[in-house]
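Breakdown of the fold
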Amino acid sequence: MSWSSFAAALAGTRIGTTYNQYASSRFLELRLAEYLERRSCAKLLLVREAAGYRGARISGLPFTSERQLTGTGPAEASATIVHRVLAELGLEEHVLLWNVVPTHPHRPGDAASNRRPSAEEIEVSRPFVDRLSAGRCVVPVGRVAESALGRTGIHHPSHGGASDFRTGLADLV
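The notes below deal with the structure included here. From a predicted model like this one, the values you see are computed outputs, not experimental measurements.

Here we come to the sheet that holds strand S1 (residues 44–50). With parallel pairing, the 3 strands of this open sheet are ordered in space as S2-S1-S3. Looking at the sheet topology across the chains shown, the edges are occupied by strand S2 (95–101) and strand S3 (137–140). If you compare each strand with its neighbour and ignore which way they point, the axes differ by 30° on average. As judged from the 6 bridges shared by S1 and S2, these two strands associate in the parallel manner.

As enumerated under the stated definition, the model contains 9 salt bridges in all. For the salt bridge of Arg26 with Glu29, the shortest nitrogen-to-oxygen distance reads 2.8 Å. A residue pair is termed a helical-turn pair when its members lie 3 or 4 positions apart in one helix, as Arg26 and Glu29 do in helix H3 (residues 26–38) at 3 residues. With relative accessibility at 53%, the residue Arg26 sits in the exposed group. The exposure class assigned to Glu29 is buried, which follows from its relative accessible area of 9%. Here Glu66 makes a salt bridge to Arg31, at a shortest N to O gap of 2.7 Å. In this pair, Glu66 sits in helix H5 (residues 66–70) while Arg31 sits in helix H3, placing the two residues 35 residues apart along the sequence. The exposure class of Glu66 is buried, given its relative accessible area of 14%. Residue Arg31 is classed as buried on the basis of its relative accessible area of 13%. Three or more residues joined by partner-sharing salt bridges are found here, namely Arg84, Glu88 and Arg166.

Turning next to the environment of Ser25. Mapped onto the fold, Ser25 is located in the loop between helix H2 (21–24) and H3. Exposure remark for Ser25: the relative accessible area of 19% places this residue in the buried category. A distance of 3.1 Å separates a polar side-chain atom of Ser25 from the backbone nitrogen of Leu28.

With that settled, the discussion passes to the side chain of Arg57. Relative to the assigned elements, Arg57 resides in helix H4 (residues 56–59). A polar atom in the side chain of Arg57 sits 2.9 Å from the side chain of His104. Filtering out sequence-adjacent residues up to four positions away, Arg57 remains in contact with Tyr19, Gln21, Leu28, Ala51, Gly52, His104, His106 and Ala111.

Put simply, the largest pocket is a space of about 730 Å³. Every residue lining the largest pocket is counted, 23 residues in all, and those nearest its centre are Glu49, Ser78, His156, Ser158 and His159. Of the residues that constitute the lining of the largest pocket, the class distribution is 7 nonpolar, 8 polar and 8 charged.

The rules behind these values
Residues numbered from 1 in each chain as written. Predicted model: local features only at pLDDT ≥ 70, side-chain atom pairs only at ≥ 80, totals over all residues. Heavy atoms only, no water. Pairing = 2+ DSSP bridges. Helix = DSSP H or I, 4+ residues; strand = E, 2+ residues; numbered from the N terminus. Axes fitted to C-alpha atoms, helices over the stretch in contact; angles between N-to-C directions. Salt bridge = Lys/Arg side-chain N within 4 Å of Asp/Glu carboxyl O. Buried < 20%, exposed > 50% of the residue type's maximum accessible area, 1.4 Å probe, protein only. Polar contact = N/O pair within 3.5 Å; in protein donor to acceptor, adjacent residues only side chain to side chain. Contact = heavy atoms within 4.5 Å. 1 Å grid on protein atoms, 1.4 Å probe; cavity = no way out; pocket = protein on both sides within 12 Å on 5 of 7 lines; lining within 4 Å. Points joined across faces, edges and corners; volume = space filled by probe spheres on them. Nonpolar A, V, L, I, M, F, W, Y, C, P; charged D, E, K, R; others polar.

Structure representation (structure tokens):
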């Protein structure tokens, strides 16, 4: 499967009540396909919970805010930490970033919110993370990703976890 068809399949998938930013934007679908192509040789896959309302919902890229890509738009604290740590460790070009649920789970009627994805949403999303996992060392980031992937990971960088995230990632490499 090409990365373009991977992104198109994701754009055509309904994942519970999440907002599918790829179905809503051909630009984001193409941005994702290009990102996956650029990182196709990455040996490390970092997987966190889900797309955030200030991150992948707008940028289309996991762990990434639009501000990091273009210098404008909203910033996401976790994404800022992740990219800073990857740059410090010299890993940015060697890591593929993904979400267990690649679309945005939000509270009903509140697009500017994040909620934990449901078990059903995680299950529907599983083929996407499984496809990206092939041939890579998979590292869950945070408890939801650990539970969904059934393996121990590293601390999520939010809510004061930046140092633990950096230490966990540095210990892996």
